[in-house]
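# Breakdown of the fold
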2 protein chains.
Amino acid sequence: MRISIQAEIFEKLPKLHSNFIYFENLKFKEGKEHELYDGLNEVFSRLRGHGGLETITDITDYENLLEELGLKHAQVSTRSMINLIVAKKKDLILHHPIIDAYNYFSLHSLTPIGAYDVDRISGNMEIRFTSGVEKFKKLNKDTHEEVSDSLVFSDSNEVMCLDWVSKQSDTQKIRPRSQNILFRIESLKDEIENQKLIDEFTAYIEEYFEFTSMDTQVLSAENLEVEFKQSTEVLDRMERYQFYTDLLERGVSDVIVKEDLMSDLVDGKMLKIKHGVDPTTRDLHLGYAVNYEKLRAFQQRGHTIQFLIGSFTGRFGDPSDKLESRNMRDKKTVMDLAQAYIDQISIVLDRDKLEVIYNGDWYDKMSAEDLLRLMSKSTVARMLERDMFQKRIEQGASIGLHELVYPLLQGYDSVEMESDLTVIGTDQTFNELQARPLQENAGQKPQNIIAMNLLIGTDGTQKMSQSLGNYIAFSDTANDKYGKLMSIPDHLILTYAESLSRYSKVELENLRQRFASGTNPRDLKADLALHIVANFDGEENAKLAAEHFKTVFKDKKLPDDIDSIVVDESKTVLEIMMLKNLISSNSEGRRLIQQGGVSIFEGQKINSHEHTFKTGFSGVLKVGKRKFLKIVVE
Amino acid sequence: MRISIQAEIFEKLPKLHSNFIYFENLKFKEGKEHELYDGLNEVFSRLRGHGGLETITDITDYENLLEELGLKHAQVSTRSMINLIVAKKKDLILHHPIIDAYNYFSLHSLTPIGAYDVDRISGNMEIRFTSGVEKFKKLNKDTHEEVSDSLVFSDSNEVMCLDWVSKQSDTQKIRPRSQNILFRIESLKDEIENQKLIDEFTAYIEEYFEFTSMDTQVLSAENLEVEFKQSTEVLDRMERYQFYTDLLERGVSDVIVKEDLMSDLVDGKMLKIKHGVDPTTRDLHLGYAVNYEKLRAFQQRGHTIQFLIGSFTGRFGDPSDKLESRNMRDKKTVMDLAQAYIDQISIVLDRDKLEVIYNGDWYDKMSAEDLLRLMSKSTVARMLERDMFQKRIEQGASIGLHELVYPLLQGYDSVEMESDLTVIGTDQTFNELQARPLQENAGQKPQNIIAMNLLIGTDGTQKMSQSLGNYIAFSDTANDKYGKLMSIPDHLILTYAESLSRYSKVELENLRQRFASGTNPRDLKADLALHIVANFDGEENAKLAAEHFKTVFKDKKLPDDIDSIVVDESKTVLEIMMLKNLISSNSEGRRLIQQGGVSIFEGQKINSHEHTFKTGFSGVLKVGKRKFLKIVVE
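Bear in mind that the values here come from a model prediction, so they are computed numbers and not experimental data.

## Focus: the overall build of chain A
When helices and strands are tallied, chain A shows 25 helices and 24 strands. Over its C-alpha atoms, taken along the principal directions, chain A stretches across nearly 110 × 65 × 45 Å. Long-range pairs, those at least 24 residues apart, make up 72% of the contacts in chain A with a sequence separation of at least 6. Roughly 28,600 Å² of accessible area belongs to chain A as shown, and the carbon and sulfur atoms make up 47% of that amount. Charge-centre separation for chain A: the mean point of 80 positive side chains lies 5 Å from the mean point of 102 negative side chains.

Right, dumping it as structure tokens:
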């Protein structure tokens, strides 16, 4: 971990000493609270007793320099604190011993001090003037803003402190569970006085904190670069932070509670991650895979995936996203469907490491009384807050009493499984939130929730869904998968890459840049389709599918393996298509013909589903974009 | 069963023959439907083919006579039917073979015919001019109206047919299960032609119906009274009709489905009558007794009372009429309270014949799955229709999910118990209605419901309730019961008599008349109080209580058995009252004093709860209306 400083800075601040003091495993000593807070109160009193604040030359020195740097709008943190304490007569809000301690020292020494959570620093750091537009995340904000024309402290990723010593970024701020800390003390004192300041600060920290290592480095006009060594443990934490930050953003709609989950993950805690399904179909599609790919990433890092089959709840159905009440299913149907699920998700997840759990294991044994007691823990109003119920009520559709309980049952699953986290589509957030109070009630830590964006289907507008026909099934052939992926609209390329690919952060960034720089979307799709199909059907099949696609579409040639049929002249085109399974229903066939999707290859469109072919005809029928059939009429 | 006709009628209708034909157990022959309805269609066609309807002199004869009787507004039923069939070109609505058959004959013979359900006739019948204002119940109406200035056919109770042959009453109309029928054929023909008409009618009925007996009687100027003998079976049915009609009105708010329940009762069917309670208090009061007195009447007629203890539901509480969610109770508390209930209701009901049932017997065994399946049979919207839930929602109070299921559980109890009927306070109607579809679903006949009026408390305004203090407890002494009954406002006398007394119909009518004719309400209350107290505490105790009351209040004398206390002058009046348990709390004492309810007997009111008595004082303290204490200060 290297820190450098631009030489130009010393033209304006020749006396500057930029001091960095790095601690690993910094922990507040037990029983020292009173002493720390007495010290703070003492400094508050002293400041309030101070005559004219303007006379505090130490701070005005910094302010003059800010002005000289063209940063008059900025404020030295020490000055902000003093204003609060003296003019507004408020005490500082106490945050955390580390923050409270360095605030004390900043007020005591009238020196601006910053502190950074090293776990969240990416690469090397610099103190420098901005080059063009850079990224900065304001304190307590979720998104980055763009900044320029400033003197900043930054890591290889983003600005860590804006306006020299003025604004700390949210990213590396000290959090309740921060433990590896880099302090930054900007001093305008001479070398001897500066060394005294450092000694005083480290002695103060040693007084109140335990730590496993400490290192001090000073940047000055004579020393433009310094380096800190970190322990393996810290390097691991830094790696985890970078990895999970990316994982918790890609394809993700919302993380509840992000801060808590991130701390667990940075700590290297191995989580029990629940993913629950009520088996309702035999045919999984890529809309489901969004969740499985996320789970896969966790599984590969060593977390345990609890694949929960709603063997009980599946029997009477979740009303999610359905506007009519679901019918009840029998036990056998549900278990058959469950097996089909497990077989298919094993394409993405490591089956051997998967913990498959059935909620019938507890619900089949649960008594009516226990269920009523569970129900007594929630209210009608709380349940009716659910979007889907609100929609049903607006539309005058009925809600079965049993359906109202569903979210509670889904929540209670997490109590039985002691889940730490759940990964689920964003439409399940409400249900999964029900788990948290129930777990707390049972003395467990409430689970966190990763709510995934729902994947848009190949039509580019609606959620991927079997009933809308805009889906890519696990069971589709590699050719079909590839073809369908090539058919998505361009604006979905990045979404599909985020939600379905296993690209590294760098690979994904690369794709983004190619997209932004105007690379032909067809080429980007071809790369992505090859990658996704390979994940499902193996690299060999993916390559064959890509070649097949090229032959059929790009070169407008027919594929080699066309099926053929011999018919007499009474057969209609619709009957022929049904006979060879080119369509799944007569209505699909009629619709295709109506939309101009059926033609003679390199010939005319078929306009009527009652179209017949004359004896002697021999030609190739093209159905949709990718299906062909040779017809001979005898 | 006698029928007479006023001689004066023959002054205006000298040629009249009033024919009555009485059948017992009249039942339509199986397989004769087509023939009957072919006949009806044939007569419709014939009438429609008929040239000018004005020429049907047979009917105009009747109409001229109606005019002569001053009943020009009335219409002969035969004419109404012909108008419908010919002018409006509609077929008659087919009701019931008996009605359809006599309608056919009326159209065929152009003679007005009426039919009456003999089970519902009370006493003897007359054809006569009204004497003053009489009672009449229009077809398909629930209440009686007052009629006068008409020629009517009536039984000893009310008008059975208004305007000679024009309007049939609802009371004796033919119903699906009617079987003992009195036909009335008014004829203006001479004797020979009249006999031919009768013969033709009876032959027609014999063609289509089976019966156990038939009798024909003709009233004419020469024969002003006839008599029919009924079988014992029919006499029993008539008695049951009169008895249960009264029982289903007295203190009753609503009967669902009244027609069906009445038919069962007239048939002499012995019912399983459910009365369910969730034991919540040790102290029953007369508000509960309203239900028990009704059940008692049924029990004495041989019906089985299913006294259902909510040993399961009582544990988590019915939200009825409570604006906050109820807390859960434990099993033991509920069972203890249940025993207290049974002990107390045995004062009113015959314990030996009582079937005591606990719903824990099925709910303790019920699985969560079964409960969910039960819940799937109803909807959120249906449950939220309940008044109490609506009120809670309006007031922003919460409804526990378990509470929403309560009505369904209460309903399902009836499925387990195969109840035919339930007797319950009107606030339970919604819950008991839930039973009907569940029973139907289980292949049972849905239970009927008698919803009782809720008893107003002794304050005369609010529902009797323990928390309002306006109640008379089962456990009150006879003196207290009597005193409290004497304190009810006069307007409640009839309500209390209807809801709580065991008066016969005649006795109750008697009380009503005395009340209406201005008898001193105190005397009526004294009679009623004596009767009610005797039911609870025995006749001897009731009489003693009446005497006690007389001594204390009416003659303004002190009772013989006054308690006494010797105190020093430091004791306040409040302390003294608490010492001798004249009040149950200090706040009750303070309130009583504030309201002027504490005084020295035949002396001054006590104005302050800190009032003390001087040494040497000796007097009687009067607390409220009925409590006395001799105080001696030494």
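Picking up after the structure, the text goes on.
## Regarding the nonpolar core
Formed by 66 residues in total, the largest nonpolar core has its most connected members in Leu286, Tyr292, Phe298 and Ile450 of chain A. Considering each element in turn, this core owes the most residues, 8 residues, to helix H22 (residues 521–537) of chain A. Counting contributing residues, this core receives three or more from each of domain 2 (235–452) and domain 3 (478–554) of chain A. Sequence-distant contacts of Leu286 of chain A, defined by excluding residues within four places in its chain, comprise Leu455, Met464, Ile472, Phe474, Leu485, Leu500, Ile532 and Phe536 of chain A. One finds Tyr241, Tyr471, Ala473 and Leu485 of chain B within the second-largest nonpolar core, a separate group that totals 65 residues.

## Some details on the packing of aromatic side chains
Within a pair of aromatic rings, the relevant descriptors are the distance that separates the centres and the angle that separates the planes. Counting across every chain of the model gives 50 aromatic pairs over all chains. Between Phe23 of chain B and Phe211 of chain B, the aromatic rings sit 4.8 Å apart at their centres with planes inclined by 65°, giving edge-to-face as the arrangement. Remark: Phe211 of chain B occurs in the loop between strand S12 (209–210) and strand S13 (213–219) and Phe23 of chain B occurs in strand S2 (residues 17–24); sequence separation between them is 188 residues. Phe23 of chain B gets classed as buried once you look at its relative accessible area, which sits at 0%. On the basis of relative accessible area, Phe211 of chain B is assigned to the partly exposed category, the value being 27%. In textbook terms, an aromatic cluster arises when at least three aromatic residues are bridged by ring pairs, as seen for Phe23, Phe28, Tyr102, Tyr104, Phe105, Phe183, Phe201, Tyr204, Tyr208, Phe209 and Phe211 of chain A. Above the plane of the ring of Tyr471 of chain A lies Lys484 of chain A, whose end atom (NZ or CZ) is 5.2 Å from the centre.

## A few points about the side chain of Asn291 of chain A
All names here are of chain A. In this fold, Asn291 is placed in helix H9 (residues 286–300). The exposure class assigned to Asn291 is buried, which follows from its relative accessible area of 10%. Contacts of Asn291, omitting those with residues within four sequence positions, involve His275, Val423, Ile424, Gly425 and Met452.

## Describing empty space enclosed by the protein
Rolling a probe over the atoms, with the probe sized like a water molecule, indicates the empty space that remains. With the rule as written, the count across this model stands at 4 cavities of 30 Å³ or more. Of the volumes computed, that of the largest cavity is approximately 70 Å³. Forming the walls of the largest cavity are Asp117, Asp119, Arg120, Arg175, Arg177, Ser178, Gln179, Arg237, Ser263, Val266 and Asp267 of chain A. Of the residues assigned to the lining of the largest cavity, the class counts are 1 nonpolar, 3 polar and 7 charged. Counting contributing residues per domain, the lining of the largest cavity is built from domain 1 (2–230) and domain 2 (235–452) of chain A, each supplying no fewer than three. Space inside the second largest cavity adds up to approximately 60 Å³. Lining the second largest cavity are Asp117, Asp119, Arg120, Arg175, Arg177, Ser178, Arg237, Ser263, Val266 and Asp267 of chain B. A per-class count over the lining of the second largest cavity returns 1 nonpolar, 2 polar and 7 charged. Viewed by domain, the lining of the second largest cavity spans two of them, domain 1 (2–230) and domain 2 (235–452) of chain B, each represented by three or more residues.

## Describing the pattern of salt bridges
Enumeration over the complete set of coordinates arrives at 80 salt bridges over all chains. A salt bridge links Lys32 of chain A to Glu207 of chain A; its shortest N-O distance comes to 3.0 Å. Placement of the pair is Lys32 of chain A in the loop between strand S3 (27–28) and helix H2 (33–49) and Glu207 of chain A in helix H6 (residues 191–208), with a sequence separation of 175 residues. Relative accessible area serves as the criterion here: at 16%, Lys32 of chain A is assigned to the buried category. Relative accessible area serves as the criterion here: at 35%, Glu207 of chain A is assigned to the partly exposed category. Between Lys32 of chain B and Glu35 of chain B there is a salt bridge, with the nearest N and O atoms lying 3.5 Å from each other. Each of Asp119, Arg177, Arg237, Asp260, Asp264, Asp267, Lys269 and Lys445 of chain A takes part in one network of salt bridges that share partners.

## Details of the sheet that holds strand S17 (residues 304–309) of chain A
Residue and element names in this part refer to chain A. Strand order in the open sheet made by the 6 strands is S15-S20-S19-S16-S17-S18, with mixed pairing throughout. The open sheet has two edge strands with one neighbour each: strand S15 (252–256) and strand S18 (355–358). Direction aside, the axes of adjacent strands within the sheet are offset by 25° on average. Here 2 bridges tie strand S16 (residues 272–277) to strand S19 (residues 421–425), and the two strands are oriented parallel to one another. The partner of Lys274 across the bridge, within S19, is Thr422. Docked against the sheet, helix H11 (residues 331–345) engages S16, S17 and S18, running at close to 150° with respect to S17.

## Regarding the pairing of strand S16 (residues 272–277) of chain B
Residue and element names in this part refer to chain B. Judged from the 6 bridges that link them, S16 and strand S17 (residues 304–309) form a sheet pairing that is parallel. Looking across to S17, one finds that Lys274 is bridged to Gln306. Tracing the backbone out of S16, into helix H9 (residues 286–300) and back to the parallel element S17 gives a crossover that is right-handed.

## Let's talk about the domain arrangement of chain A
Under the domain assignment used here, chain A contains domain 1 (2–230), domain 2 (235–452), domain 3 (478–554) and domain 4 (563–633). When each unit is reduced to the centre of its C-alpha atoms, the spacing between domain 3 of chain A and domain 4 of chain A is 30 Å.

## Observations regarding unusual backbone geometry
Of the consecutive residues Ile256 of chain A and Val257 of chain A, the connecting peptide bond is found in the cis state with omega at -10°. Following the sequence through the fold, Val257 of chain A ends up in the loop between S15 and helix H8 (258–266). Unlike most non-glycine residues, Trp164 of chain B shows phi in positive territory, near 55°. Turning to its location among the elements, Trp164 of chain B is positioned in the loop between strand S9 (159–162) and strand S10 (167–168). Under the relative-accessibility criterion, Trp164 of chain B is labelled buried at 0%.

## With respect to the environment of Ser311 of chain B
Residue and element names in this part refer to chain B. Along the chain, Ser311 turns up in the loop between S17 and helix H10 (313–316). Sequence separation between Ser311 and Val277 is 34 residues; the distance between their C-alpha atoms is 9.0 Å. Sequence-distant contacts of Ser311, that is, excluding residues within four places in its chain, are made with Val334, Met335, Tyr358, Asn359 and Gly360.

## Side note on the packing of helix H19 (residues 478–486) of chain A against H22 of chain A
Residues and elements named next belong to chain A. The contact between H19 and H22 brings their axes to 9 Å, and the two run at 150°. At the point where H19 passes H22, the crossing takes the right-handed sense. On H22, the residues touching Ala478, Lys481, Tyr482, Leu485 and Met486 of H19 are Arg522, Lys525, Ala526, Ala529, Leu530, Ile532, Val533, Phe536 and Asp537. In terms of residue class, the contact of H19 with H22 is made up of 10 nonpolar, no polar and 4 charged.

## A short note on the relation of the copies chain B and chain A
Of the transformation superimposing chain B on chain A, the axial component is 0.1 Å and the angular component is 179°, with the fit at an RMSD of 0.2 Å. The superposition operator between the copies reduces to a two-fold rotation axis. A shared binding surface is used by both copies, with 100% of the interface residues of chain B retained as interface residues in chain A.

## Some remarks on the interface of chain B and chain A
Contact with chain B, which involves 30 residues of that partner, is made by 30 residues of chain A. Overall, the association of chain B and chain A removes approximately 2,500 Å² of surface from exposure, summing both partners, and the carbon and sulfur fraction of that is 76%. Put simply, chain B and chain A have 0 salt bridges between them. If you look at where chain B meets chain A, you find 6 residue pairs in polar contact (both at pLDDT 80 or more). In terms of residue class, the side of chain B that touches chain A is built from 18 nonpolar, 7 polar and 5 charged.

## Notes on a negative patch on the surface
Residue and element names in this part refer to chain A. On the surface, Asp190, Glu191, Glu193 and Glu222 cluster together to form a negatively charged patch. Relative to the assigned elements, Glu222 resides in the loop between strand S13 (213–219) and strand S14 (225–227). On the basis of relative accessibility, which here comes to 68%, the residue Glu222 falls in the exposed class.

## Focus on helix H25 (residues 586–594) of chain B
Residue and element names in this part refer to chain B. Among the residues of H25, those classed as buried are Gly589, Leu592 and Ile593. Each buried residue of H25 sits inside an arc of 95° when the element is viewed along its axis, so together they form one side. On its buried face, H25 is in contact with helix H24 (573–579), strand S22 (598–600) and strand S23 (618–623). Of the residues one or two after H25, Gly596 is the one with positive phi, at around 75°.

Cut-off values and rules
- Residues numbered from 1 in each chain as written.
- Chains lettered and ligands numbered in written order.
- Predicted model: local features only at pLDDT ≥ 70, side-chain atom pairs only at ≥ 80, totals over all residues.
- Heavy atoms only, no water.
- Helix = DSSP H or I, 4+ residues; strand = E, 2+ residues; numbered from the N terminus.
- Contact = heavy atoms within 4.5 Å.
- Areas by Shrake-Rupley, 256 points an atom, 1.4 Å probe, with all protein chains shown as cover.
- Lys, Arg positive; Asp, Glu negative; His and termini not counted.
- Charge placed at Lys NZ, Arg CZ, Asp CG, Glu CD.
- Core = buried A, V, L, I, M, F, W, Y, C linked by side-chain atoms within 4.5 Å.
- Buried < 20%, exposed > 50% of the residue type's maximum accessible area, 1.4 Å probe, protein only.
- Domains from an automatic or database assignment.
- Phe/Tyr/Trp six-rings, centres within 6.5 Å; stacked < 30°, edge-to-face > 60°.
- Lys NZ or Arg CZ within 6 Å of the ring centre and 35° of its normal.
- 1 Å grid on protein atoms, 1.4 Å probe; cavity = no way out; pocket = protein on both sides within 12 Å on 5 of 7 lines; lining within 4 Å.
- Points joined across faces, edges and corners; volume = space filled by probe spheres on them.
- Nonpolar A, V, L, I, M, F, W, Y, C, P; charged D, E, K, R; others polar.
- Salt bridge = Lys/Arg side-chain N within 4 Å of Asp/Glu carboxyl O.
- Pairing = 2+ DSSP bridges.
- Axes fitted to C-alpha atoms, helices over the stretch in contact; angles between N-to-C directions.
- Right-handed = clockwise from strand over helix to strand, strands pointing away.
- Left-handed = near helix turned anticlockwise from the far one by under 90°.
- Least-squares fit on C-alpha atoms with pLDDT ≥ 70 in both.
- Buried area = accessible area lost by both parts, 1.4 Å probe.
- Polar contact = N/O pair within 3.5 Å; in protein donor to acceptor, adjacent residues only side chain to side chain.
- Patch = residues over 30% accessible without salt bridge, like charges linked within 9 Å, V, L, I, M, F, W, Y side chains within 5 Å.
- Arc of directions from axis to C-beta.

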